[in-house]
Amino acid sequence: MSSYCTATYRCYDEQADFHKKATGIAVGLTVGSWTDLPEANKISMRPYLGQVIDIKESRDDEEERYADIRIAYPDVNFSRDLPALLVTVFGKLSMDGRIKLIDLHFSDDFLGSFTGPKFGIQGVREQLGVHDRPLLMSIFKSVIGHDLPALSEQFYKQALGGVDLIKDDEILFENPLTPLEKRVPACMEAARQAEESTGQKLLYAVNLTGPASRLAEQAVRAISLGANALLFNVLAYGFDTLQELSAHPDITVPIAAHPALAGALYPSPHHGMSASLLLGKLMRLAGADLVLFPSPYGSVVMPKEENMAIRHALITDNINDYLYSVNTPDSKASASMPLRQSFPVPSAGIHPGLVPLILRDFGTEVVVNAGGGIHGHPMGTEAGGRAFRQAIQAAMSGTSLREYASISGHEELQAAIEAWGVKE
Ligand code: 1AE
């Protein structure tokens, strides 16, 4: 029996005949073209022909006319990798009018080639020995132009504040002052020293950079130098590169996916891909253990509905769950192979006063992540970490931040609230 992967598009047009449009896509992206090719009509071509599954026409809040179109593509048309699937379903089409790819549904046969995250939420928690609270990650800030001692000191201060993960800034590339070869041992030594005070394990996500052909070698080298996590700018390299890294037998540490460039792809209602597909389903399928994305609360804002759809895609048992209920013919997606869950990491402009909102929306399976919100703390970087840990503790115990901050010993949270306030 044939198997298919299904793409859902949102197509805007005031006049178009959406049935004709859908048929044009199903034929044009498989056996035919915009002209009626005689070859396309042959019976022998049928197994390769795309199928229009359904078309739901509607108007948005601005009264613009659109249709959600679902098309099934025969698996026989593409190899079992994301570049082949994405080029099939949205290659040329992505440039053809007001059309956005909003969801993908994978056949079991296609999914069979993917192992997903190597560690996932459980694996990351096991590495850290933390199972009962959201994790806290801090981001190196002000790294360019600094030498190794300055970087080690910054690392040490972050670690002393009680963070679980520290990630390189995504704009830190190979450079003469802090090359990976020296940076990893220096930072891991700072982690060891901090652990003596905190008793806390820590993951350091080192930025993998440089030519694509050397990334795996660089990752293995970083691990041999002591790196226990990696950061990767997935969209600059492509999902397939992430998949290769995550499936590599010698890359034995969690990978955090940075969303750099995602804004070129998801924000328009008329073009690109939905954020939940880009930063949710595809990141998880390609093997990201942690996925960063803008939150609804901070400095770079993504609508909450989109954020919740990303979260769902990262943690649901069934990666094939539909992202948009409007497209579900029977509101149930067929079950798929289980993949490990990826940690959602809502980010950008996060400060302690936002922690209750993050936990309200994401629950416990979340990484609270901050750069400026830690280093910009009025009492310094170490206090920045402490303020976040206090905010997490308060939110988990159902105590208001202001009340918790007024308790003796929580001066760091008090200072953070005075600096940035509390958002309810
Ligand atoms: C969405 C990515 C956020 C990120 O990478 C970053 O560096 C955030 O920094 P802050 O927390 O906004 O200072």
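Residue numbers run consecutively from 1 along every chain, following the written order of its sequence. Residue-level local features of this predicted model are given only where pLDDT is at least 70; pairs of side-chain atoms are given and counted only at 80 or more, and the full residue set underlies all totals for whole chains, interfaces and linings. Hydrogen atoms and water are omitted, and side-chain values are computed over all heavy atoms in the structure.

1. Re helix H4 (residues 120-128)
Defined as follows: For every residue, the accessible area (1.4 Å probe, protein chains only) is compared with the maximum for its type, and the residue is labelled buried under 20%, exposed over 50%, or partly exposed between those bounds. Secondary structure follows DSSP: runs of H or I at least 4 residues long count as helices, runs of E at least 2 residues long count as strands, and numbering of each begins at the N terminus. Contacts are assigned to residue pairs that have any heavy atoms within 4.5 Å of one another.
Taken as a whole, H4 has its buried residues at Gly120, Ile121, Gly123, Val124, Arg125 and Leu128. In this structure, the buried residues of H4 make contact with strand E5 (135-139), strand E6 (165-167), strand E7 (203-208), strand E10 (290-294), helix H11 (304-315) and strand E11 (343-347). After H4 finishes, the residue glycine 129 shows a positive phi value of roughly 70°.

2. A closer look at the site of the ligand
Where we set the bar: In this text, near means that some heavy atom of the residue lies within 4 Å of the molecule or strand in question. Polar contact criterion, stated in full: a pair of N or O atoms within 3.5 Å, where within protein one must be able to donate a hydrogen and the other to accept it, and residues adjacent in sequence count only if both atoms are side-chain atoms. Here the Shrake-Rupley method, with its probe set to 1.4 Å, supplies the accessible areas, and only the displayed protein chains count as covering residues. Amino acids outside the nonpolar list (Ala, Val, Leu, Ile, Met, Phe, Trp, Tyr, Cys, Pro) and the charged list (Asp, Glu, Lys, Arg) are all regarded as polar, and Gly is one of them.
Lining the immediate environment of the ligand, one finds 13 residues, of which Lys141, His258, Gly349, Gly371 and Gly372 sit closest. Here an oxygen atom of the ligand sits 3.4 Å away from a polar atom, N or O, in the side chain of glutamate 170. A distance of 2.8 Å is found between an oxygen atom of the ligand and a backbone nitrogen or oxygen belonging to glycine 371. Look at the ligand: alone it shows 370 Å² of surface, and the protein chains cover 84% of it. By residue class, the composition of the shell around the ligand is four nonpolar, five polar and four charged.

3. Some words on the sheet that holds strand E8 (residues 229-233)
In plain terms, the rule: Between any two strands, pairing holds if DSSP finds at least two bridges. To obtain each axis, a line is fitted to C-alpha atoms, and for helices this fit is confined to the stretch in contact; angles are then taken between N-to-C directions over 0 to 180 degrees.
The strand order E11-E10-E9-E8-E7-E6-E5-E12 describes an open sheet built from eight strands, whose pairing is parallel. On the outer flanks of this sheet lie E11 and strand E12 (367-370), each paired with one strand and no other. Each strand axis lies, on average, 25° off the axis of its neighbour in the sheet, ignoring direction. By the bridge criterion, three bridges tie E5 to E6 in an arrangement that is parallel. From the neighbouring strand, methionine 137 faces E6, where its bridge partner is leucine 165.

4. Considering the packing of aromatic side chains
Definition in use: Side-chain rings of Phe, Tyr and Trp (the six-membered ring for Trp) are treated as a pair once their centres are within 6.5 Å; stacked means planes under 30 degrees apart, edge-to-face means over 60, and tilted covers the remaining angles.
This model, assessed by the stated rule, comprises ten aromatic pairs. Their ring planes at 45° and their centres at 5.3 Å tell us that tyrosine 12 and tyrosine 66 sit as a pair that is tilted. Remark: tyrosine 66 occurs in strand E3 (residues 65-74) and tyrosine 12 occurs in strand E1 (residues 4-12); sequence separation between them is 54 residues. Given the relative accessible area of 10%, tyrosine 66 is considered buried. Aromatic pair phenylalanine 140 and tyrosine 204: ring centres 6.2 Å apart, planes at 70°, arrangement edge-to-face. Separated by 64 residues along the polypeptide, phenylalanine 140 in the loop between E5 and helix H5 (148-160) and tyrosine 204 in strand E7 bring together distant segments of the chain. Pairwise contacts between aromatic rings join Phe78, Phe106, Phe110 and Phe114 into one cluster.

5. Some details on empty space enclosed by the protein
One simple way to see leftover space: roll a probe sized like a water molecule over the atoms. Keep this limit in mind: Lining residues are those with an atom within 4 Å of a point, where the points come from a 1 Å grid over the protein atoms alone and group into cavities, where a 1.4 Å probe fits but cannot get out, or pockets, open sets with protein on both sides within 12 Å along at least five of seven lines. Grid points are joined across faces, edges and corners, and a volume is the space filled by probe spheres set on the points.
The final tally for this structure, using the stated rule, is one cavity of 30 Å³ or more. By volume, the largest cavity is sized at about 30 Å³. Around the largest cavity, the lining residues are Ala159, Val163, Ala191, Ala194, Glu195, Thr198, Gln200 and Leu202. Top contributing element to the lining of the largest cavity by residue count: helix H6 (residues 180-198), with four residues.

6. Quick look at the pattern of salt bridges
Quick reminder of the rule: Here a salt bridge means any side-chain nitrogen of Lys or Arg lying within 4 Å of a carboxyl oxygen belonging to Asp or Glu.
Here the structure, examined in full by the defined rule, presents 21 salt bridges. Between arginine 221 and glutamate 181 there is a salt bridge, and its shortest N-O distance comes to 2.3 Å. Here arginine 221, found in helix H7 (residues 215-224), pairs with glutamate 181, found in helix H6; they are 40 residues apart in sequence, far enough to count as distant. In this structure arginine 221 comes out as partly exposed when scored by relative accessible area, which is 38%. On the basis of relative accessible area, glutamate 181 is assigned to the partly exposed category, the value being 38%. Measuring nitrogen to oxygen at the nearest pair gives 2.7 Å for the salt bridge that ties glutamate 382 to arginine 386. Placement of both glutamate 382 and arginine 386 in helix H14 (residues 381-397) is noted, with a separation of four residues, approximately one turn of the helix.

7. Notes on the side chain of asparagine 233
The topology assignment puts asparagine 233 in strand E8. What makes asparagine 233 buried here is its relative accessible area of 8%. In terms of polar contacts, asparagine 233 uses its side chain to reach the backbone carbonyl oxygen of glutamate 170, at 3.4 Å.

8. Here's the deal with the domain arrangement of the protein chain
The line we're drawing: As used throughout, domain bounds are those supplied by an automatic or database domain assignment.
If you check the domain split of the protein chain, you get domain 1 (4-111) and domain 2 (120-420). Taken over C-alpha atoms, the centre of domain 1 sits 34 Å from the centre of domain 2. At the junction of domain 1 and domain 2, the tally comes to one salt bridge. Aspartate 103 is the salt-bridge partner of lysine 281, the closest N and O atoms lying 2.8 Å from each other. Here domain 1 is connected to domain 2 by twelve residue pairs in polar contact (both at pLDDT 80 or more). Secondary-structure elements contributing two or more residues to the side of domain 1 that touches domain 2 are E1, strand E2 (51-59), E3, helix H2 (82-90), strand E4 (99-105) and helix H3 (108-111). Among the elements that take part in the side of domain 1 that touches domain 2, E4 stands out by supplying seven residues, more than any other.

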